[in-house]
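# Architecture and fold: a report
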Amino acid sequence: NAGVMQNPRHLVRRRGQEARLRCSPMKGHSHVYWYRQLPEEGLKFMVYLQKENIIDESGMPKERFSAEFPKEGPSILRIQQVVRGDSAAYFCASSPTAGRGYTFGSGTRLTVV
Amino acid sequence: GIQVEQSPPDLILQEGANSTLRCNFSDSVNNLQWFHQNPWGQLINLFYIPSGTKQNGRLSATTVATERYSLLYISSSQTTDSGVYFCAVERSGNTGKLIFGQGTTLQVKP
């Protein structure tokens, strides 16, 4: 079992470009969560998804950010028109059931230049 | 929303020493987890412990849910224990959303 796979590990984007972060959950896990960690801070919840459904997006910025977890393929966190303040580590977690047994990926470190 | 406070914010230990990290939370929870983020940024799940006591090698954790706190004990610390320790809770009836504390940064010196 390869665990939660995130790619890329590091991503550099210029201001105004789009960033796409991918997350493949653990085998058998149908619940996916995205968190953001700003420098020197704890992780902040962004969004909780199940296959083809957004369950809770209360932590997502209202503009430029979107997430999906299609029937086939990885979950995608998409950031349009990136700004310097989007620079952070983005972590994905998955679980077999809601609220139990979270496993985190290694994160994607986004740098906006 | 629920508040999660960790103490101390920073801790420096000599190798071999013991330590206790604390996590206070402001509301009843149905999930509490301790994580270790190593210096490379990887986040490792240490304990799922909404109540009671668990032990895993040199680490153990106790959560007293009625008093809304949890403790993480590290015994005979090693340099590989260095990193940031996070406590995260999930509010009762609100699944799928972990609230993280600000973390305790631990440095173990050889």
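Just so you know, the residues in each chain are numbered from 1, in the order the chain's sequence is written. Chain labels run from A onward and ligand labels from 1 onward, assigned in the order the entries are written. A pLDDT threshold of at least 70 governs which residues receive local features in this predicted model, and a stricter bar of 80 or more applies before side-chain atom pairs are shown or counted, although totals over entire chains, interfaces and linings include all residues. Based on all heavy atoms of the structure, the side-chain values leave hydrogens and waters out of the count.

A few words on the interface of chain A and chain B. In what follows, a contact means two residues having at least one pair of non-hydrogen atoms within 4.5 Å. Taken together, the contact between chain A and chain B spans 19 residues of the former and 19 residues of the latter. Put simply, buried area is how much 1.4 Å-probe accessible surface two parts lose in total, over both of them, once they are put together. The largest contributions to the chain A side of the interface with chain B come from L43, Y102 and F104 of chain A, which together make up 32% of the buried area. A pair is scored as a salt bridge if a Lys or Arg side-chain nitrogen falls within 4 Å of a carboxyl oxygen belonging to Asp or Glu. One can count 0 salt bridges joining chain A with chain B. Polar contacts, as used here, are pairs of N or O atoms within 3.5 Å; protein pairs need one atom able to donate a hydrogen and one able to accept it. Residues neighboring in sequence count only if both atoms are side-chain atoms. Linking chain A to chain B there are 6 residue pairs in polar contact (both at pLDDT 80 or more). Classification used: nonpolar for Ala, Val, Leu, Ile, Met, Phe, Trp, Tyr, Cys and Pro, charged for Asp, Glu, Lys and Arg, polar for all others including Gly. Residue composition of the side of chain A that touches chain B, grouped by class: 9 nonpolar, 5 polar and 5 charged.

The next point concerns the sheet that holds strand 7 (residues 65-68) of chain A. Residues and elements named next belong to chain A. Taken in spatial order, the 4 strands of this open sheet run 1-3-8-7, and their pairing is antiparallel. In this open sheet, the two strands that pair with only one neighbour each are strand 1 (5-7) and strand 7. Strand-to-strand twist across the sheet, computed as the mean angle between neighbouring axes with direction ignored, equals 15°. Relative to strand 8 (residues 75-79), strand 7 runs antiparallel, the two being bridged by 4 bridges. Paired with E68 across the two strands is I76, which belongs to strand 8. By this definition, two strands are paired if DSSP reports at least two bridges between them. Only DSSP runs of H or I with at least four residues qualify as helices, and only runs of E with at least two residues qualify as strands; both kinds are numbered from the N terminus onward. Here an angle of 0 to 180 degrees is reported between the N-to-C directions of two axes, which are lines fitted to C-alpha atoms, with helices fitted over the stretch in contact.

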